[in-house]
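# Secondary and tertiary structure notes
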Amino acid sequence: MVSGRPALPRRGPTVGGPGRRETGVVDQRAAGEVMPSYGAKDLNKRVSVLGFTGSQSCDSGDIECLPEILHRLFERHRSTHIVTGACIGFDAQVHLLTGVVDLSVKRLVIVPADHKKVDARVMSDSTNVDYVQMPDGTSYRDRNEEIIRCSTVMAGFWTGKRAYNGTFMTLRIADRCSKLSAEDIFEAGILTDEEARYLYYP
């Protein structure tokens, strides 16, 4: 639990519990299985929503490049909303820098049930921000799927690692949902953007 702030309301059903609502976005890890909704508004039926996934490691070089990348993404996708995941690293930096790059972009933060890696700076923000707290018992994967469900297109900052890598897993799910293109994959760490894209689409 992040200290120094009031607890967020927990919205939506627990996984597999009564009231689970189908959304029509299929996660192909299991044929026919549908992602549940955890209370975020269905923004993507009305506006352009850009979702983000990224490494928890974000160095000064990454941060320096982010404003220009965000500006290009907002311009290319004409995004009026973004969705991020509240944690340290790229989640936090994308959220915070969006407030600098374009104050008109509304920000939705999907907060994981486990707050150990949540960035307190994200949770203390109040300008053009909505929060959705994932229910107890849900995983980071559930949080990542909720980000995808709420988005019309996804962008990712990836280190190139595949094994036991949450960013790669999220990119794969977004790809299967037809919400990812190569030009929206960016490097994290020592790779170039081209190397990250080549590793994802060899």
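Everything discussed here concerns the structure shown above.
The notes below deal with the structure included here.

Cut-offs used in this document
Residues numbered from 1 in each chain as written. Predicted model: local features only at pLDDT ≥ 70, side-chain atom pairs only at ≥ 80, totals over all residues. Heavy atoms only, no water. Salt bridge = Lys/Arg side-chain N within 4 Å of Asp/Glu carboxyl O. Buried < 20%, exposed > 50% of the residue type's maximum accessible area, 1.4 Å probe, protein only. Helix = DSSP H or I, 4+ residues; strand = E, 2+ residues; numbered from the N terminus. Pairing = 2+ DSSP bridges. Axes fitted to C-alpha atoms, helices over the stretch in contact; angles between N-to-C directions. Contact = heavy atoms within 4.5 Å.

### Overview of the pattern of salt bridges
- As enumerated under the stated definition, the model contains eight salt bridges in all.
- Across the pair D119 and R121 runs a salt bridge whose closest N-O atoms are separated by 2.8 Å.
- A residue is classified by how much of its surface remains accessible, and D119, at 10% relative accessible area, is buried.
- Taking the relative accessible area as the measure of exposure, R121 reaches 44% and is therefore partly exposed.
- The shortest N-O distance in the salt bridge between R149 and E146 comes to 2.9 Å. Of the two residues, R149 and E146 both sit in helix α4 (residues 140-150), three residues apart, roughly one turn of that helix.
- E146 gets classed as buried once you look at its relative accessible area, which sits at 1%.
- Here the salt bridges do not stand alone but share partners, grouping R76, E183 and D184 into one network.

### Considering the sheet that holds strand β6 (residues 129-133)
- Pairing within the open sheet is parallel, and its six strands lie in the order β6-β5-β4-β3-β7-β8. Edge positions in the sheet fall to β6 and β8 (185-187), since each has one partner strand and no second. Here the strands of the sheet are splayed against their neighbours by 20° on average, with no regard to which way each runs.
- Of the strand pairs in this sheet, strand β4 (residues 81-84) and strand β5 (residues 106-111) are connected by four bridges, and their pairing is parallel. Its bridge partner lying in β5, H81 is registered against K106.
- Here α4 sits on the sheet and contacts β3 (49-54), β4, β5 and β7 (153-158); the angle it forms with β5, its principal contact strand, is near 155°.
- Sitting on the sheet, helix α5 (residues 166-176) is in contact with β3 and β7, with an inclination near 155° to β7.

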